[in-house]
Amino acid sequence: MAYETLIIEKRGAVGLITLNRPHALNALNSILMHEMEEALARFHEDDAIGAIVLTGSEKAFAAGADIKEMKDLSFTDAYLGDLMAGWDRIAASRKPMIAAVSGFALGGGCELAMMCDFIIAADNAKFGQPEITLGIMPGMGGSQRLTRAVGKSKAMDMALTGRMMDAVEAERAGLVSRIVPVDKLLEEALAAAAKIAGFSRPAVLMTKESVNRALETTLAEGVRFERRLFHALFATEDQKEGMAAFVEKRKPAFRNL
Ligand code: CAA
């Protein structure tokens, strides 16, 4: 399938999605949202793909939801059309997703990066939730995910003043997992994704599920949930292989079984 707003590639066991609306700094319009849903569904169906990298251009990961597409909407248009609800399906991706962010990640762009499992930032990355400057507020999960990522004070500062955070501040605040030179961004993100894709898929997916559960439940419930998944992994052949390989001092050959 040919995409209008995305470039889709396979790099070994990694699915690479590049946002491709350069004239609009990768603003997220409805076509892009539908195309991303479609591309992710294909990567999920493809057993050869073990992890996904989402990236943009050097200047912009994405400068937000498409303001030109939204500007004339009425309340009823937004409400009956359930504006932005489709992004929840993208956030629900089961295979690990890494956001490789260079340049602007603003509004929906920052929110899309936060839907991924972690963010690797180029040293020129800038994050922000500037919706307040447009007379609106975050609408793709920013008020929730940013608060969980960086805490109330910084999330309030970002969302109420609309100011941007640079990569250093974002890493210090826990929004991004690492900062790399801009010319190494894709290489680092692809290497991290390839590493993940090389592990046992059941273990990878359960790890992701368990970490995400930490954001949604109490500590006691989360620990119990983790232990149940931990126990379940002893039913996999990959657990036998992983531990046998350790004892035999060789590299494991995981088969996702
Ligand atoms: N929607 C639509 N078009 C956008 C856009 C957006 N979010 N961001 C940038 N563009 C377009 C510009 O209109 C411009 O198009 P034209 O050449 O046709 O005029 C082109 O991209 C280049 O942008 P600039 O000329 O503005 O580039 P710049 O380098 O001077 O500034 C910027 C870069 C600071 C990122 C600036 O473009 C900007 O402030 N963009 C908007 C950021 C924003 O407010 N994002 C939040 C959107 S609302 C949202 O996301 C809601 C939600 O939570 C779901």
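Just so you know, these numbers come straight off a predicted model, no measurement behind them. (Residues numbered from 1 in each chain as written. Predicted model: local features only at pLDDT ≥ 70, side-chain atom pairs only at ≥ 80, totals over all residues. Heavy atoms only, no water.)

**Some points on the site of the ligand**
Around the ligand lies a shell of 25 residues, among which Lys59, Ala65, Gly108, Glu111 and Glu131 are the nearest. One of the backbone N or O atoms of Ala65 is found 2.9 Å from an oxygen atom in the ligand. With respect to the ligand, the side chain of Glu111 contributes an N or O atom lying 2.6 Å from an oxygen atom. Within the complex, 66% of the 990 Å² of free accessible area of the ligand lies under protein. Secondary structure elements with two or more residues in the shell around the ligand: α2 (67-70), β6 (104-106) and α5 (108-115). The element best represented in the shell around the ligand is α2, accounting for 3 residues. (Near = heavy atom within 4 Å. Polar contact = N/O pair within 3.5 Å; in protein donor to acceptor, adjacent residues only side chain to side chain. Areas by Shrake-Rupley, 256 points an atom, 1.4 Å probe, with all protein chains shown as cover. Helix = DSSP H or I, 4+ residues; strand = E, 2+ residues; numbered from the N terminus.)

**A short note on unusual backbone geometry**
Although it is not a glycine, Asn26 sits at a positive phi angle of roughly 60°. Along the polypeptide, Asn26 turns up in the loop between β2 (14-19) and α1 (30-45). Of note, Asp82 is a non-glycine position whose phi angle comes to about 50°, a positive value. Along the chain, the position of Asp82 falls in the loop between α3 (75-80) and α4 (87-91).

**As for a nonpolar patch on the surface**
Among the surface-exposed residues, Ile67, Leu134 and Ile136 lie close enough to one another that they form a single nonpolar patch of about 260 Å² accessible area. On the secondary structure map, Leu134 appears in the loop between β8 (126-128) and α6 (142-150). (Patch = residues over 30% accessible without salt bridge, like charges linked within 9 Å, V, L, I, M, F, W, Y side chains within 5 Å. Salt bridge = Lys/Arg side-chain N within 4 Å of Asp/Glu carboxyl O.)

**A closer look at the pairing of strand β1 (residues 6-11)**
Both β1 and β2 contribute to a ladder of 6 bridges, which runs antiparallel. Opposite Ile8, over in β2, you have Ile17 as the bridge partner. Hairpin geometry of β1 and β2 is characterised by an intervening segment of 2 residues between the two adjacent antiparallel strands and by a positive phi of about 65° at Gly12. (Pairing = 2+ DSSP bridges.)

**Some details on the sheet that holds strand β9 (residues 164-166)**
Read across the open sheet, the 4 strands follow the order β4-β6-β8-β9; overall the sheet is mixed. Two strands close off the open sheet at either side, each with one partner strand: β4 (60-62) and β9. Direction aside, neighbouring strands of the sheet carry axes that sit 20° apart on average. In this structure, β8 lies alongside β9, joined through 3 bridges in antiparallel fashion. Within the sheet, the bridge partner assigned to Lys126 lies in β9 and is Asp166. (Axes fitted to C-alpha atoms, helices over the stretch in contact; angles between N-to-C directions.)

**A few points about the nonpolar core**
Ranked by internal contacts, the top residues of the largest apolar core, which has 46 residues, are Met36, Trp87, Leu112, Phe127 and Leu175. It is α1 that provides the largest number of residues to this core, a total of 6 residues. What Met36 contacts, discounting residues up to four positions off in sequence, is Leu6, Leu19, Leu54, Trp87, Ile90 and Leu112. Ranked by size, the runner-up nonpolar core spans 18 residues in total, among them Ala122, Val180, Ala192 and Ala197. (Core = buried A, V, L, I, M, F, W, Y, C linked by side-chain atoms within 4.5 Å. Buried < 20%, exposed > 50% of the residue type's maximum accessible area, 1.4 Å probe, protein only. Contact = heavy atoms within 4.5 Å.)

**Things to note about the side chain of Ser200**
Checked against the element boundaries, Ser200 lands in the loop between α9 (185-197) and α10 (201-213). If sequence neighbours within four positions are ignored, Ser200 has contacts with Asp238, Phe254 and Asn256.

**Quick word on a negative patch on the surface**
A contiguous patch of negative charge on the surface is contributed by Glu58, Asp123, Asp183 and Glu187. Along the chain, Asp183 falls in the loop between β10 (178-180) and α9. (Lys, Arg positive; Asp, Glu negative; His and termini not counted. Charge placed at Lys NZ, Arg CZ, Asp CG, Glu CD.)

**Observations concerning the layout of surface pockets**
Volume-wise, the largest pocket comes out at about 1100 Å³. Contributing to the lining of the largest pocket are 34 residues, with Cys116, Asp117, Val211, Asn212 and Leu215 lying nearest its centre. Sorting the residues of the lining of the largest pocket by element identifies α5, β7 (118-122), α6 and α10 as the ones contributing at least two each. Residue composition of the lining of the largest pocket, by class: 19 nonpolar, 7 polar and 8 charged. (1 Å grid on protein atoms, 1.4 Å probe; cavity = no way out; pocket = protein on both sides within 12 Å on 5 of 7 lines; lining within 4 Å. Points joined across faces, edges and corners; volume = space filled by probe spheres on them. Nonpolar A, V, L, I, M, F, W, Y, C, P; charged D, E, K, R; others polar.)

**A word on the confidence of the model for the protein**
Mean pLDDT over the protein stands at 97; residues scoring 70 or higher make up 100%. Among the prediction metrics, the complex's ipTM stands at 0.98, with pTM recorded as 0.97. (pLDDT = per-residue confidence, 0-100.)

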